[in-house]
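Analysis of the macromolecular model
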Amino acid sequence: MQTIGSPLMWSLFAAFVIAALLVDFFAMRKQGAHRVSTREAAIWSVVWVGVSFVFMGWLWWYLGGAGADEAARSLAHAKSLEFLTGYLIEKALAVDNIFVFLMLFTYFAVPAEFQKRVLMIGILGALVLRAVMILVGAWLIAQFHWILYVFGAFLLFTGIKMWWAAGQEPDLDNNPALKWIRSRFKISPHYDGERFFTRVGGARMATPLLVVILLVGIVDIVFAVDSIPAIFAITTDPFIVLTSNVFAILGLRAMYFLLANMHERFHLLSYGLAIVLVFIGAKMLLIDVYKIPVVFSLGFTAVTLAVTMILSLKIPPKGTPGGAYPFGAKKREEQA
């Protein structure tokens, strides 16, 4: 498997990720359990996006983008564009991930001051899962070229399924993962701070916070299975695949708190994501017939997401004259 990642580049990247996580953990521990304001989330979101673009600029410079060697400049431009396209796709898919987190937090009535810790654990799990799956995926592609067709067909199916499910309210009550967790643990009806286990009447029980953590881990696995093939449609370079994924995930916690109160406004975004996944799946299936340029993939993804977000602001959700129902609200209203 060909990659631009030298031992030095891998080492610097690993050191940066560790430092970023330590800063995040230190800030979280110092602040303690508290409600994250929109202003705080916006500042951290800008910081993480800015850091990602600084990395892309450094990558371009390191590969010779500012040098006199035309071959080096060409490589630097190509790899920077691959990183940007992969980052945008992973960031867009992370938005759908965020809406699922919001559904879980609403369903289990997770206090706002506890959500930060759950998201941090979820991000750590996502980073580990992505790293393992990317390395395995890169090895599979290097050994078996035809696996790209499997990835393409899977993305095509996922995109169609996402389009079909868009706008439908998820039913957590009948979720198999939640049923399995409930069959394995005695669950307390109340939270006990940020603890995962508590005692109720002398019996040791899991708190709802542990259930949410387990479900977030399952969500990480599901979304990793969707997003990893998507980035391999842009590039098969493990360094670009991993870095674009990691930078998209690092800002996930801040982006959640920024978008938590805006999910009703972007009710059509799932349709845009479905179109992007179908496009990427088709790109993989056509890879040996016609290789769609990365710049076209970047433009198509950006335009599709922008159009669906604009249409979301102009077209009200179906059956909701004043806005969309928050996750679970419609069902609770019907039951009441």
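Our structure is the block above this text.
What counts as what
- Residues numbered from 1 in each chain as written.
- Predicted model: local features only at pLDDT ≥ 70, side-chain atom pairs only at ≥ 80, totals over all residues.
- Heavy atoms only, no water.
- Phe/Tyr/Trp six-rings, centres within 6.5 Å; stacked < 30°, edge-to-face > 60°.
- Helix = DSSP H or I, 4+ residues; strand = E, 2+ residues; numbered from the N terminus.
- Buried < 20%, exposed > 50% of the residue type's maximum accessible area, 1.4 Å probe, protein only.
- Lys NZ or Arg CZ within 6 Å of the ring centre and 35° of its normal.
- Pairing = 2+ DSSP bridges.
- Salt bridge = Lys/Arg side-chain N within 4 Å of Asp/Glu carboxyl O.
- Contact = heavy atoms within 4.5 Å.
- Polar contact = N/O pair within 3.5 Å; in protein donor to acceptor, adjacent residues only side chain to side chain.
- Expected span 1.5 Å × (residues − 1).
- Arc of directions from axis to C-beta.
- Axes fitted to C-alpha atoms, helices over the stretch in contact; angles between N-to-C directions.
- Parallel < 35°, antiparallel > 145°, perpendicular 65-115°, else oblique.
- Left-handed = near helix turned anticlockwise from the far one by under 90°.
- Nonpolar A, V, L, I, M, F, W, Y, C, P; charged D, E, K, R; others polar.

1. Re the packing of aromatic side chains
Overall, the coordinates contain 18 aromatic pairs when judged by the stated rule. Plain terms: the ring middles of Phe13 and Phe55 are 6.2 Å apart, the flat faces sit at 50° to each other, and that makes the pair tilted. Within this pair, whereas Phe13 is found in helix α1 (residues 7-31), its partner Phe55 is found in helix α2 (residues 38-62), the two being separated by 42 residues in sequence. In this pair, the class of Phe13 matches that of Phe55, namely buried. Counting every residue linked through ring pairs, the aromatic cluster contains Trp10, Phe13, Phe16, Phe53, Phe55, Trp58, Tyr62, Phe83, Tyr87, Phe239 and Phe247. Just above the ring of Phe197 sits the side chain of Arg204; from NZ or CZ to the centre is 4.2 Å.

2. A few points about the pairing of strand β1 (residues 197-200)
Two strands pair when backbone bridges link them, and β1 and strand β2 (residues 203-206) are joined in this way by 4 bridges, in the antiparallel orientation. The partner of Val200 across the bridge, within β2, is Ala203. Between the end of β1 and the start of β2, which pair antiparallel, lie 2 residues, with Gly201 showing a positive phi angle near 60°.

3. Details of the pattern of salt bridges
Scanning the entire structure with this criterion turns up 3 salt bridges. When the shortest N-O distance is used, the salt bridge between Lys79 and Glu82 registers 3.4 Å. Taken as a pair, Lys79 and Glu82 lie in helix α3 (residues 70-107) at a separation of 3 residues, close to a single helical turn. For Asp192, the salt bridge is made with Arg195, and the minimal N-O distance between the two is 3.1 Å. Residue class for Asp192 comes out partly exposed when judged on its relative accessible area of 23%.

4. Here we look at the environment of Ile228
Counting through the fold element by element, Ile228 comes out in helix α7 (residues 208-232). Of the residues examined, Ile228 reaches a relative accessible area of 4% and is grouped as buried. Beyond its immediate stretch of four places on either side in the chain, Ile228 contacts Arg130, Met133, Ile134 and Asn245.

5. Notes on the environment of Asn245
Positionally, Asn245 belongs in helix α8 (residues 238-250). Along the chain, Asn245 and Arg130 lie 115 residues apart, while their C-alpha atoms are 7.5 Å from each other. Discounting chain neighbours no more than four positions away, the residues touching Asn245 are Glu90, Arg130, Ile134, Ser227, Ile228 and Ile231. Of note is the side chain of Asn245, whose polar atom sits 3.1 Å from the backbone oxygen of Val241.

6. Topic: helix α5 (residues 147-165)
It helps to recall that an α-helix has 3.6 residues per turn; residues three or four apart then point in one direction. The end-to-end C-alpha distance of α5, which contains 19 residues, comes to 27 Å, matching closely the 27 Å that a straight helix rising 1.5 Å per residue would cover. For α5, every residue scored as buried is listed here: Ile147, Leu148, Phe151, Gly152, Leu155, Thr158, Gly159 and Met162. Seen end-on, α5 carries its buried residues on one side only, within an arc spanning 140°. Opposite the buried face of α5, by more than 90 degrees, sit the exposed residues Phe157, Ile160, Lys161 and Trp164.

7. Brief notes about the environment of Ala203
Take Ala203: it is sitting in strand β2. The partly exposed category is assigned to Ala203, whose relative accessible area is 28%. For the pair Ala203 and Ser188, spaced 15 residues apart in sequence, the C-alpha to C-alpha distance is 9.7 Å.

8. Some thoughts on the packing of α2 against helix α9 (residues 252-259)
Running from N to C, α2 and α9 point in directions that differ by 140°, and their axes come no closer than 8 Å. Taken together, the axes of α2 and α9 are oblique relative to one another. The two elements α2 and α9 meet at a crossing, and its hand is left-handed. In contact with Thr38, Ala41, Ala42, Trp44, Ser45 and Trp48 of α2, α9 contributes Ala254, Met255, Phe257 and Leu258. Considered class by class, the residues forming the contact of α2 with α9 number 8 nonpolar, 2 polar and no charged.

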